[in-house]
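# Structural overview for review
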Amino acid sequence: MSGTIPSIPAARPVIGTAEIEAAVRVLRSGRVVQGPEVAAFEEEFSDLVDGRACIAVNSGTSALQLSLMALGIGPGDEVVVPSFSFAATANAVRLVGAEPVFADIDPRTYCLDPVAAASVIGPRTAALMPVHLYGHPAAMDRLTRLAERHGLAVLEDACQAHGAALGARPVGTFGLAGCFSFYPTKNMHALEGGMITTGDPQLARILRLLRNQGMEQRYANEIVGANMRMTDVAAAIGREQLKQLPAWTERRRANAKVLDSLIHGLPVPHVADGARHVYHQYTVRIPDGRRDAVQQELEQKGIGSAVYYPTPIHRLTPYLDPGRPPLPETDRAAAEVLSLPIHPTLGQTELERIARDVSIAGGAR
Ligand SMILES: *Cc1c(COP(=O)(O)O)cnc(C)c1O
């Protein structure tokens, strides 16, 4: 069957003529490391975050790690994170010597539950680091109030949420710092790359120092820093992608509307009041232990799908802790979620096929 019907991949990163020409232009210029393209990319990306300062780095993980470092978070500190995320969220905390403390999620949005987060705050807690998972904003209004009450920093893992918002406010503008990723499968990419957004000029300066060996003036290193710079080649590609992001986001949102209306017998993604979901993933739930069978059935019909994430972070080897309180909503989500194709290049007939086949395979029986 899949021999005759073209298959639909779970994700379809775009590397178009504009990206290729931009990369070639920079390569031919001979000026390839962090330079004017990076500066322009930072300037242009700041439109997405209400004009906040933007600091480009070489990955989303670096963005998280540098933000934690810049805030002086390290050994002895705890950072509250969701376990239902990509491992990078917790890895960044460990990489600076601090300890991630996992809190459960809201089962409707899959994002950090403010009540659960409050329950794990202790004397060592230094920060909250919510994740805008799948492109849906976390409950930033309640989480920032919680942080204020306890004197905690807020960092946003916005690696999946370029252009998402809560009310009029875009993600990446709620915390002391917001962190974005430009990995190929994200809503926009720069082959690899990341961006830190901040409203604090002093923090922005420290971040710029930290990404480049602690120097502003060449060989006048002020502090200990890393090399987490973005290349001008990557930035040139990112700039081309950024131009297309608004249209791609609207396509993702329109595709989600089509799937919402055509899928039957399964809960479609929830959108919280006031939330602008950018559908990095379009994730349904398939209960009763049937998820993996449904995924296989879709695969046989040529429809790619993916599970983000089959193993929550607290069950990964580096993070096992037998004494930790259970995270029931996280475990349930890990067993039930299935992300369907939602990328902007899908056409109406592909969307109809996805909706029909997932409704047949996954509908209540
Ligand atoms: C992709 C991702 C990261 C890491 O970004 P990289 O660019 O791959 O380092 C961090 N957190 C989340 C939630 C992500 O999806």
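Residues numbered from 1 in each chain as written. Predicted model: local features only at pLDDT ≥ 70, side-chain atom pairs only at ≥ 80, totals over all residues. Heavy atoms only, no water.

## Description of the sheet that holds strand 3 (residues 99-103)
Strand order in the open sheet formed by seven strands is 1-9-8-5-4-2-3, with mixed pairing between adjacent strands. Every other strand in the sheet has two partners, leaving strand 1 (53-57) and strand 3 as the edge strands with one partner each. The sheet shows a mean angle of 30° between the axes of neighbouring strands, direction not considered. Note: strand 5 (residues 153-157) against strand 8 (residues 177-181), three bridges, orientation parallel. Pairing of leucine 155 across the sheet is with alanine 177, part of strand 8. (Pairing = 2+ DSSP bridges. Helix = DSSP H or I, 4+ residues; strand = E, 2+ residues; numbered from the N terminus. Axes fitted to C-alpha atoms, helices over the stretch in contact; angles between N-to-C directions.)

## Concerning unusual backbone geometry
In this model, tyrosine 308 is joined to tyrosine 309 through a cis peptide bond whose omega is 10°. One non-glycine residue, tyrosine 219, lies in positive phi territory at about 65°. Here tyrosine 219 shows up in the loop between helix 7 (201-211) and helix 8 (232-262). A residue is classified by how much of its surface remains accessible, and tyrosine 219, at 67% relative accessible area, is exposed. The backbone phi angle of aspartate 288 is positive, close to 60°, even though this residue is not glycine. Mapping aspartate 288 onto the fold places it in the loop between strand 11 (282-285) and helix 9 (291-300). (Buried < 20%, exposed > 50% of the residue type's maximum accessible area, 1.4 Å probe, protein only.)

## As for the sheet that holds strand 10 (residues 275-276)
Strand order in the open sheet formed by three strands is 7-6-10, with antiparallel pairing between adjacent strands. The open sheet is flanked by strand 7 (169-170) and strand 10, the only strands paired with a single partner.

## Considerations on the site of the ligand
Close to the ligand lie 15 residues, the nearest being Gly60, Thr61, Gln160, Ser181 and Lys186. Within the side chain of glutamine 160, a nitrogen or oxygen atom sits 2.8 Å from an oxygen atom of the ligand. Protein burial of the ligand: of its 380 Å² of free accessible surface, 93% is covered by the chains. Top contributing element to the shell around the ligand by residue count: helix 3 (residues 60-70), with three residues. Each residue belonging to the shell around the ligand can be placed in one class, and the counts come to five nonpolar, eight polar and two charged. (Near = heavy atom within 4 Å. Polar contact = N/O pair within 3.5 Å; in protein donor to acceptor, adjacent residues only side chain to side chain. Areas by Shrake-Rupley, 256 points an atom, 1.4 Å probe, with all protein chains shown as cover. Nonpolar A, V, L, I, M, F, W, Y, C, P; charged D, E, K, R; others polar.)

## Quick look at the pattern of salt bridges
Counted according to the given criterion, the structure contains 19 salt bridges. Arginine 211 is the partner of glutamate 42 in a salt bridge, and the nearest nitrogen-oxygen pair spans 2.9 Å. Taken as a pair, glutamate 42 in helix 2 (residues 36-45) and arginine 211 in helix 7 lie far apart in primary sequence, 169 residues in all. The exposure class assigned to glutamate 42 is buried, which follows from its relative accessible area of 9%. Its salt-bridge partner being aspartate 357, residue lysine 301 comes within 4.0 Å of it at the nearest N-O pair. Linking lysine 301 in the loop between helix 9 and helix 10 (328-336) with aspartate 357 in helix 11 (residues 348-362), this pair joins segments that are 56 residues apart in sequence. (Salt bridge = Lys/Arg side-chain N within 4 Å of Asp/Glu carboxyl O.)

## Description of the packing of helix 1 (residues 17-29) against helix 8
Helix-helix packing is characterised by the crossing angle of the two axes and by the distance between the axes. It is the contact of helix 1 with helix 8, at a shortest axis distance of 8 Å, that shows an interaxial angle of 155°. The orientation of helix 1 with respect to helix 8, classified from their angle, is roughly antiparallel. Note that helix 1 runs across helix 8; the crossing there is right-handed. Across from Ala18, Glu19, Ala22, Ala23, Arg25, Val26 and Leu27 in helix 1, the residues of helix 8 making contact are Asp232, Val233, Ala236, Ile237, Glu240, Gln241, Gln244 and Trp248. Looking at the contact of helix 1 with helix 8 residue by residue, the classes come out as nine nonpolar, two polar and four charged. (Parallel < 35°, antiparallel > 145°, perpendicular 65-115°, else oblique. Left-handed = near helix turned anticlockwise from the far one by under 90°. Contact = heavy atoms within 4.5 Å.)

## Things to note about the packing of helix 9 against helix 11
The contact between helix 9 and helix 11 brings their axes to 9 Å, and the two run at 140°. Taken together, helix 9 and helix 11 sit at an angle that is classed as oblique. The way helix 9 lies across helix 11 gives a crossing that is right-handed. Contact residues: Val294, Glu297 and Leu298 in helix 9; Asp357, Val358, Ala361 and Gly362 in helix 11. By residue class, the composition of the contact of helix 9 with helix 11 is four nonpolar, one polar and two charged.

## A short note on helix 7
Taken as a whole, helix 7 has its buried residues at Leu203, Ala204, Leu207, Leu209, Leu210 and Arg211. Residues of helix 7 that are buried in the fold lie against helix 2, strand 1, helix 3, strand 8 and strand 9 (194-198). The distance from a side-chain oxygen at the start of helix 7 to the backbone nitrogen of glutamine 202 is 2.9 Å, and the residue carrying that oxygen is aspartate 200. Positive phi shows up at glutamine 213, right after helix 7, with a value of about 60°.

## Points about the UniProt feature "modified residue: N6-(pyridoxal phosphate)lysine" (unreviewed entry) in the protein
Residues annotated by UniProt as "modified residue: N6-(pyridoxal phosphate)lysine" (unreviewed entry) correspond here to Lys186. By the secondary structure assignment, lysine 186 is in the loop between strand 8 and strand 9. Lysine 186 sits in the buried class, given a relative accessible area of 15%. (UniProt positions renumbered as here; feature names shortened; annotations may be inferred.)

## Observations regarding the environment of glycine 135
Relative to the elements of secondary structure, glycine 135 occurs in the loop between strand 4 (125-128) and helix 6 (140-150). A relative accessible area of 0% places glycine 135 in the buried class. Taking C-alpha positions, glycine 135 is 9.7 Å from lysine 186, a pair spaced 51 residues apart along the chain. In contact with glycine 135, other than residues within four places in its own chain, are Gln160, Ala161, Ala164, Arg276, His277, Val278, Tyr279 and His280.

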